[in-house]
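# Examining the three-dimensional arrangement
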Amino acid sequence: MTTTTHIASSEIRSINDQGIFTGYAAVWNQPDVSGEIISPGAFKTTLRTRTNKLPVLFAHRSDEPIGIFRVVKEDSYGLYVEGELNLDTLRGRDALTLLKQGALTGLSIAFIPDSSTPNRDGSRTITKASLFEISLTPIPAQQLAQVTSVRSINSAEDEVSDQDLGCIIAALREFARS
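Here goes a summary of the coordinates provided. Small disclaimer: the values here were computed from a predicted structure and weren't measured.

This next bit is on the overall build of the chain. For the chain, the count of helices and strands is 3 helices and 8 strands. Helices and strands appear in the chain in the N-to-C order β-β-α-β-β-β-α-β-β-β-α. Burial analysis of the chain (178 residues in total) assigns 39% to the buried set. Here the contacts in the chain between residues at least 6 apart in sequence split such that 71% fall between residues at least 24 apart. Carbon and sulfur atoms form 51% of the exposed surface of the chain, whose accessible area is close to 9,700 Å².

And the structure:
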């Protein structure tokens, strides 16, 4: 049985004007709209061998990057990211405005599967993949691939607020019930 924890876009906290956001670009063992599943460790090789920072794209538009990902790593839940929007660009400022409004909450990945196994339902599980980019998007292919916070660069503002802590505790309780 697969369990899921969903942090809804309405639960995004600590929004300000610095353009730093966190989230999950993929969640392990959860099907996307085509039924494709990504297994833990699928991006291990590509993350280890990558020499440059991944760009933040807006809806997979490679001709107009809007920032960089400062952190891209696998954890027990999925592909965790910390991105920084370039607020010197019009599209970067637009993305921040849409994040604050709640209209832009999804994350989407572009990758090439290097290895996969077929599933009984005709879909496949990706066991190894080359990651090319991650985009902010209003509608991600994997429903749980979401921005979870938009926050400040300033360390004084990076402290967890009571509201943030409440959101985290609620998500953990939901996970424990699943």
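Before going further, it helps to spend a moment on the packing of aromatic side chains. Aromatic ring pairs are described here by two measures, namely the spacing of the ring centres and the angle between the planes. Under the defined criterion, the tally for this structure stands at 5 aromatic pairs. On the basis of an interplanar angle of 80 degrees and a centroid distance of 6.1 Å, the ring pair of Phe43 and Phe111 is categorised as edge-to-face. Within this pair, whereas Phe43 is found in the loop between strand 2 (37-38) and helix 1 (44-49), its partner Phe111 is found in strand 6 (residues 106-118), the two being separated by 68 residues in sequence. Among the aromatic side chains, those forming a connected cluster through ring pairs are Tyr24, Tyr77 and Tyr80. Stacked on the ring of Phe58, the Lys or Arg Arg91 has its end atom at 4.7 Å from the ring centre.

Take the side chain of Asp32 next. Mapped onto the elements, Asp32 comes out in the loop between strand 1 (20-27) and strand 2. Of the side chains with opposite charge, Arg124 lies nearest to the buried Asp32, which makes no salt bridge, at 8.2 Å. Side chain to side chain, Asp32 and Ser34 meet in a polar contact 2.8 Å long. Apart from the residues within four sequence positions on either side, Asp32 is in contact with Ala141 and Gln142.

Structurally, Ser135 is set in strand 7 (residues 124-137). If we skip the residues at most four places from it in the chain, Ser135 touches Leu57, Phe58, Ala59, His60, Gly106, Leu107 and Ser108.

This brings us to the pairing of strand 6. Looking at chain direction, strand 6 and strand 7 are connected through 12 bridges and run antiparallel. Paired with Ser116 across the two strands is Ile126, which belongs to strand 7. The turn joining strand 6 and strand 7, which pair antiparallel and follow one another in sequence, is formed by 5 residues; a positive phi near 95 degrees is taken by Gly122.

Below, the discussion takes up the nonpolar core. In terms of nonpolar packing, the biggest core is built from 28 residues, with Phe21, Phe43, Leu79, Leu85, Ile109, Ile134 and Leu136 touching the most fellow members. Elements that contribute at least two residues to this core include exactly strand 1, strand 3 (55-58), strand 5 (78-85), helix 2 (90-101), strand 6, strand 7 and strand 8 (147-151). Ranked by residues supplied to this core, first place goes to strand 7 with 5 residues.

This part covers the pattern of salt bridges. Scanning the model with the defined rule gives 5 salt bridges in all. Where Glu64 meets Arg91, a salt bridge forms, and the shortest distance between an N and an O atom there is 3.7 Å. Separated by 27 residues along the polypeptide, Glu64 in the loop between strand 3 and strand 4 (67-74) and Arg91 in helix 2 bring together distant segments of the chain. For Glu64, a relative accessible area of 28% corresponds to the partly exposed category. Residue Arg91 is classed as partly exposed on the basis of its relative accessible area of 23%. In this structure, Arg70 and Glu84 form a salt bridge, with 3.7 Å as the shortest nitrogen-oxygen distance. Here Glu84 lies in strand 5 and Arg70 lies in strand 4, a separation of 14 residues in the sequence. For Arg70, a relative accessible area of 39% translates into the label partly exposed. What emerges from the salt-bridge pattern is a single network uniting Arg61, Asp63, Glu64 and Arg91.

Cut-offs and rules
Residues numbered from 1 in each chain as written. Predicted model: local features only at pLDDT ≥ 70, side-chain atom pairs only at ≥ 80, totals over all residues. Heavy atoms only, no water. Helix = DSSP H or I, 4+ residues; strand = E, 2+ residues; numbered from the N terminus. Buried < 20%, exposed > 50% of the residue type's maximum accessible area, 1.4 Å probe, protein only. Contact = heavy atoms within 4.5 Å. Areas by Shrake-Rupley, 256 points an atom, 1.4 Å probe, with all protein chains shown as cover. Phe/Tyr/Trp six-rings, centres within 6.5 Å; stacked < 30°, edge-to-face > 60°. Lys NZ or Arg CZ within 6 Å of the ring centre and 35° of its normal. Lys, Arg positive; Asp, Glu negative; His and termini not counted. Salt bridge = Lys/Arg side-chain N within 4 Å of Asp/Glu carboxyl O. Polar contact = N/O pair within 3.5 Å; in protein donor to acceptor, adjacent residues only side chain to side chain. Pairing = 2+ DSSP bridges. Core = buried A, V, L, I, M, F, W, Y, C linked by side-chain atoms within 4.5 Å.

These figures capture arrangement, not role.
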